[in-house]
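Each chain, letter by letter, is given below.
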Amino acid sequence: MKYILMAFTLLVVSFYFFPFQFRFLPAVNTKMALAALGLVILGIQLARNRNALINKDFFILSIFAAFVSLAGLISVIYNETPDYAYATYIISMWVWISAAYVVVSLIRWVHGTVSVYLLCNYLIALSVAQCILALTMDFSAPVKEFIFSIQDASVGDFFTRKARLSGLGAGLDVAGSRFSAVLIMISILCVNNYQKIKPYLLLYILAFVVIGIIGNMIGRTTTVGMIIAIAYLIVGSAVYMSGKDRNHIWLCISSMLIIAIPILIYGYYNIPELYDNLRFGFEGFFSLAEEGRWEVHSNEMLKQGYIFPDNLKTWLIGDGYFGTTNIDPYYTGVNWGGFYKGSDVGYSRFLFYFGLAGLTAFSVFMMKTCQVCMKRFGDYKLMFLILLAVNFIVWLKVSTDIFLVFAPFLCISQEENDAYMERIALQEKSE
């Protein structure tokens, strides 16, 4: 029964981490549904005088999120535009927090407790499951048809037209940024929690390989997390681990690569679908090996996306446009497609939407979120700091933030996490 409950919990975590719209309920995605349930759970717990989610950190982060919304609101009002994408960011923050509270509450109910370590394991297992599902969908038409049939109709049409891998709500660079975060978690656990995960080290390395390879086929932004995570495995193992433990972890990594590389080589030359996906996911690496330079199809698009304001007003408060849904091409004389000014680059889109005022407020909000997590969970300071760095690096390519990665950790109290760690330490000592 517990394994069934854990599988159900994993599904709920997926509804949170990779939200999507059911075809029979297109107006509400799974994140919003969880957020509504979170309000009910929170209300019940507050009625019972339990110390739930409402605390000092929540109020402080809400104030910082309000400044992001204020910057967006000023830009929208001054520029007289209807684009409220980030003018309502404080509401988005509350929705993510409320949905995350359901996830954390469910994990607590199933396991009797919740901790940073336990939550990381769920996110790792989910990411592996999404990657396996995406690859299965590419090889099995019935599976693909079923998964697309339960999602909004536009989802299947889009990924079929683009010929891109996707899972259940997981696709493109948005999924890539979340896979990047999970790869960071794996590297941190392998190095800083080595003694705890030692019996399962091969499973963690296998998860890293699966997410690193298939995740890149889904969204090449995964490369950001993969490179940083590998760098930390190299540096972190040299700094924090003894010679014996370091040798063990690299032996496991080497063993996994010895198994994985021949399989990938065989698939590359004998399975057309895998050939195409590998060429896409690691196009830059293939280009570097074959032509001596890093070149991917999206490079030119990315270069063209680096455009910046040409007037002081836009630099300060932006133009009030994030997308182009409400822009009349006849009025502007330009059809930019889906993005204002035709740029998909995170920093450029933020500047054009709410200028330096909004970009600064948004950056400070993310930094404050990271600071709260670092202060609350001292053993994982480095993990949260690296996750923050991933967020800012990803903005060099796309305008998606990873607050949703931090949100579940904000729902865990320091006392509960410390109690879990002490219990694990006692178990290890008794063994």
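Whatever comes next refers back to the structure up there.
Remember, predicted model here, so these are calculated numbers, not experimental data.

Now for the overall build of the chain. Within the chain, the secondary structure is distributed over 21 helices and zero strands. By the compact-globule yardstick of 22 Å for 431 residues, the chain fits well, its C-alpha radius of gyration being 22 Å. Dimensions of the chain, computed from C-alpha atoms along their principal axes, come out at roughly 70 × 60 × 45 Å. Relative to its full complement of 431 residues, the chain shows a buried share of 50%.

Right, let's get into the environment of Val 394. Relative to the assigned elements, Val 394 resides in helix α19 (residues 381-394). By relative accessible area, which is 2% here, Val 394 ends up buried. Sequence spacing of Val 394 and Gly 219 is 175 residues, and the spatial spacing of their C-alpha atoms is 12 Å. Ignoring anything within four residues of it in the chain, the contact list for Val 394 reads Ser 177, Thr 221 and Thr 400.

Where like charges cluster on the molecular surface, the negative patch consists of Asp 379, Glu 415, Asp 418 and Glu 422. Position of Asp 379 relative to the elements: it lies in the loop between α18 (346-376) and α19.

Moving on to the packing of helix α8 (residues 172-192) against helix α10 (residues 201-218). For the pair α8 and α10, interaxial distance at closest approach is 10 Å and the crossing angle is 160°. Taken together, the axes of α8 and α10 lie roughly antiparallel to each other. As α8 runs across α10, the sense of the crossing is left-handed. Contacts between α8 and α10 involve Leu 172, Ala 175, Phe 179, Val 182, Leu 183, Ile 186, Leu 189 and Cys 190 from the former and Leu 201, Tyr 204, Ile 205, Ala 207, Phe 208, Ile 211, Gly 212, Gly 215 and Ile 218 from the latter.

Next up on the list: the packing of helix α5 (residues 116-139) against α8. For the pair α5 and α8, the least separation of the axes is 10 Å and the interaxial angle reads 130°. Considering their axes alone, α5 and α8 lie oblique with respect to each other. Crossing geometry of α5 relative to α8 is assigned as left-handed. Between α5, through Tyr 117, Cys 120, Asn 121, Leu 123, Ile 124, Ser 127, Gln 130 and Cys 131, and α8, the contact on the second element is made entirely by Phe 179, Val 182, Met 185, Ile 186 and Leu 189. The residue makeup of the contact of α5 with α8, split by class, is ten nonpolar, three polar and no charged.

Of all residues except glycine, most have a negative phi; of all peptide bonds, most are trans. A positive phi angle, near 55°, is found at Glu 80, a position not held by glycine. When you line up the elements, Glu 80 lands in the loop between α3 (56-79) and α4 (89-111). Relative accessible area serves as the criterion here: at 71%, Glu 80 is assigned to the exposed category. With a phi close to 60°, Leu 172 is a non-glycine residue in the positive phi region.

A grouping of Ile 63, Phe 67, Leu 70, Leu 73, Ile 74, Ile 77, Tyr 78 and Tyr 84 is seen on the molecular surface, where their side chains present a nonpolar patch of about 810 Å² in accessible area. When you line up the elements, Leu 73 lands in helix α3.

By secondary structure assignment, the location of Ser 187 is in helix α8. Separated by 2.7 Å, the side chain of Ser 187 and the backbone oxygen of Ile 184 make a polar contact. In this view, Ser 187 contacts Ala 229, Tyr 232 and Leu 233; residues no more than four positions away in its chain are not counted.

What follows is about the packing of aromatic side chains. Evaluation of the coordinates by the stated rule reveals 34 aromatic pairs. On the basis of an interplanar angle of 85° and a centroid distance of 5.3 Å, the ring pair of Tyr 16 and Trp 96 is categorised as edge-to-face. Of this pair, Tyr 16 sits in helix α1 (residues 2-17) while Trp 96 sits in helix α4, placing them 80 residues apart in sequence. Look at Tyr 86 and Phe 322: their rings are 5.1 Å apart centre to centre, the planes differ by 70°, and that puts the pair in the edge-to-face class.

What counts and what doesn't
- Residues numbered from 1 in each chain as written.
- Predicted model: local features only at pLDDT ≥ 70, side-chain atom pairs only at ≥ 80, totals over all residues.
- Heavy atoms only, no water.
- Helix = DSSP H or I, 4+ residues; strand = E, 2+ residues; numbered from the N terminus.
- Rg over C-alpha atoms; globule rule 2.2 N^0.38 Å.
- Buried < 20%, exposed > 50% of the residue type's maximum accessible area, 1.4 Å probe, protein only.
- Contact = heavy atoms within 4.5 Å.
- Patch = residues over 30% accessible without salt bridge, like charges linked within 9 Å, V, L, I, M, F, W, Y side chains within 5 Å.
- Areas by Shrake-Rupley, 256 points an atom, 1.4 Å probe, with all protein chains shown as cover.
- Salt bridge = Lys/Arg side-chain N within 4 Å of Asp/Glu carboxyl O.
- Lys, Arg positive; Asp, Glu negative; His and termini not counted.
- Charge placed at Lys NZ, Arg CZ, Asp CG, Glu CD.
- Axes fitted to C-alpha atoms, helices over the stretch in contact; angles between N-to-C directions.
- Parallel < 35°, antiparallel > 145°, perpendicular 65-115°, else oblique.
- Left-handed = near helix turned anticlockwise from the far one by under 90°.
- Nonpolar A, V, L, I, M, F, W, Y, C, P; charged D, E, K, R; others polar.
- Polar contact = N/O pair within 3.5 Å; in protein donor to acceptor, adjacent residues only side chain to side chain.
- Phe/Tyr/Trp six-rings, centres within 6.5 Å; stacked < 30°, edge-to-face > 60°.

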